[in-house]
Amino acid sequence: MAQRCSTAIKGTHEASTSLTILNRRHTRNEDQDDDLTDKDEPERLRKRGRKSPEIASSSTRKAVDWKTDNRSAESKKKKQRIPEQFRKVRGKLGMLERLAKDVPLDVVIEIFCYLDPGDLIRLARTSKDLRGILMSKTWESVWRIARENVQDLPPLPPDLNEPQYARLLYESYCHVCLKGNCDIILWLFRMRCCKKCGVETLPPYEDLINSQPMEYRHRGILPSEWLPGNSSYHNHRVGNTKIAEQFKAEYTALQTLEDRRNWISGKTQCFRELARHGRLCEEWHETQLEKRANEVDNVRQKRLEAILERLGEIGWREEAEHMLNKFKDHKLVKQPKKLTDHSWNGIKVELVKMLSNHKENRLRNEQRYPGSSLESWSILAG
Ligand SMILES: [Zn+2]
């Protein structure tokens, strides 16, 4: 790692002698060759980082001050506990942004080399300056090292640059409606797309293929993807209009039969590579989703145990265990968040009220049906 970082530092120094430290405003090279920015990236997402109060520039900070004034007394108290130097930052990214402004470039690069591309893409959104720097082509080696930190991640495909690949892998918003939590990645189209947007905007593959020149219509060069339906039988095979139109334009622009044959042969090879890489990416993504689901389950289980322990201290654990299946699915229990003193105080009253009602109903039921045991009631309640 140390060697790879020094290579990155050397490369970055050689390529960008004017870039000395990050706390000086970065003069961004607008030259296309020195820019890794994805031109298709929606403006709303580019602005996302700049809108956050903790990362806003001094001019925009004034605009968000009213929000600070309106915060509750509780949040003001919390703010007072935070040391002055960290009040405008939040979480790992806030710390890193501050670090990037306060320490020499060599050290920053060294630290960035230990991150993954998802961290870099989020960092690039935290401020205009960081974005300008990280999206500069001179920082490509840092992106490469960050990508190589990720276990089993397939290599960078030839049609994407590092930030574009990172966005596809780590930014879970639908590229059509921009809503978050979109886990459907259409690898061959280089896009994320929720089911609804996919059905509404991507044409059936059969329709699209029939609009292509007969010479390559059935040569399997036009990428397609499957959108999940209600069952695997109902999955939708869709195409991408932009890719289809581009293929058609390229093919029809060729004048000779030989050029057209070569074009088909080249596209066939490209499609094989694209499909192979897509399968590897899908496997990697499935593993990531599985890992994330396990982590969430783990956090939920720990929260449940912590809540039961706290209930034990106030005499309500036994009742919660009588209805454990139902209890662990309660909206205040099931959250994938660590239980803190503060959060426990926020949920305690409601949980005790719910358990109290349950106990009342249970005892009434036991009186009405004397033969029924606590266990059978627990099963019924669960
Ligand atoms: Zn969508």
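Every value quoted in this text rests on a predicted model; they were computed, and no experiment measured them.

A. Quick peek at the overall build of the protein chain. In terms of regular secondary structure, the protein chain is built from 19 helices and 4 strands. Looking at the protein chain as a whole, 20% of its 382 residues qualify as buried. Put simply, of all contacts in the protein chain between residues at least 6 apart along the chain, 66% involve residues at least 24 apart.

B. Main features of the packing of helix α7 (residues 117-124) against helix α10 (residues 162-170). The interhelical angle for the contact between α7 and α10, taken along N-to-C directions, is 105 degrees, at an axis separation of 9 Å. When the axes of α7 and α10 are compared, the pair comes out roughly perpendicular. Touching Pro 117, Gly 118, Leu 120 and Ile 121 of α7 are Glu 162, Pro 163, Ala 166, Arg 167, Leu 169 and Tyr 170, all from α10. Its residues placed into classes, the contact of α7 with α10 shows 7 nonpolar, 1 polar and 2 charged.

C. Structural context of the nonpolar core. By size, the foremost hydrophobic cluster in this structure holds 30 residues, and its most contacted members are Phe 112, Leu 120, Ala 124, Leu 134, Val 142 and Ala 146. Sorting the residues of this core by element identifies α6 (105-112), α7, α8 (128-134), α9 (140-148), α10 and β1 (185-186) as the ones contributing at least two each. Here this core spans two domains, and each of domain 1 (1-169) and domain 2 (172-253) adds at least three residues to it. Contact partners of Phe 112, with chain neighbours within four places excluded, come to Leu 120, Val 142 and Ala 146. Leu 311, Ala 320, Met 323 and Phe 327 belong to the second largest nonpolar core, which has 8 residues in total.

D. Highlighting the confidence of the model for the protein chain. Per-residue pLDDT for the protein chain averages 79, and the proportion of residues at 70 or more is 70%. Averaged over each element, pLDDT in the protein chain is lowest for helix α3 (residues 58-69) (32) and highest for β1 (97). Note on residues 14-34: pLDDT under 50 across the span, and 25 contacts to partners over four residues away in sequence or across chains. Here residues 48-75 is a poorly scored stretch, pLDDT under 50, and it has 22 contacts once near neighbours within four places are set aside; other chains count.

E. Focus on the environment of Leu 355. With respect to the element layout, Leu 355 can be found in helix α18 (residues 341-368). Residues Leu 355 and Ala 320 lie 35 residues apart in sequence; the distance between their C-alpha atoms is 6.6 Å. Leave out the neighbours within four places in its chain, and Leu 355 touches Trp 316, Glu 319 and Ala 320.

Analysis parameters
Residues numbered from 1 in each chain as written. Predicted model: local features only at pLDDT ≥ 70, side-chain atom pairs only at ≥ 80, totals over all residues. Helix = DSSP H or I, 4+ residues; strand = E, 2+ residues; numbered from the N terminus. Buried ≥ 20, exposed ≤ 12 C-beta atoms within 10 Å, placed from the backbone. Contact = placed C-beta atoms within 7 Å. Axes fitted to C-alpha atoms, helices over the stretch in contact; angles between N-to-C directions. Parallel < 35°, antiparallel > 145°, perpendicular 65-115°, else oblique. Nonpolar A, V, L, I, M, F, W, Y, C, P; charged D, E, K, R; others polar. Core = buried A, V, L, I, M, F, W, Y, C linked by C-beta atoms within 7 Å. Domains from an automatic or database assignment. pLDDT = per-residue confidence, 0-100.

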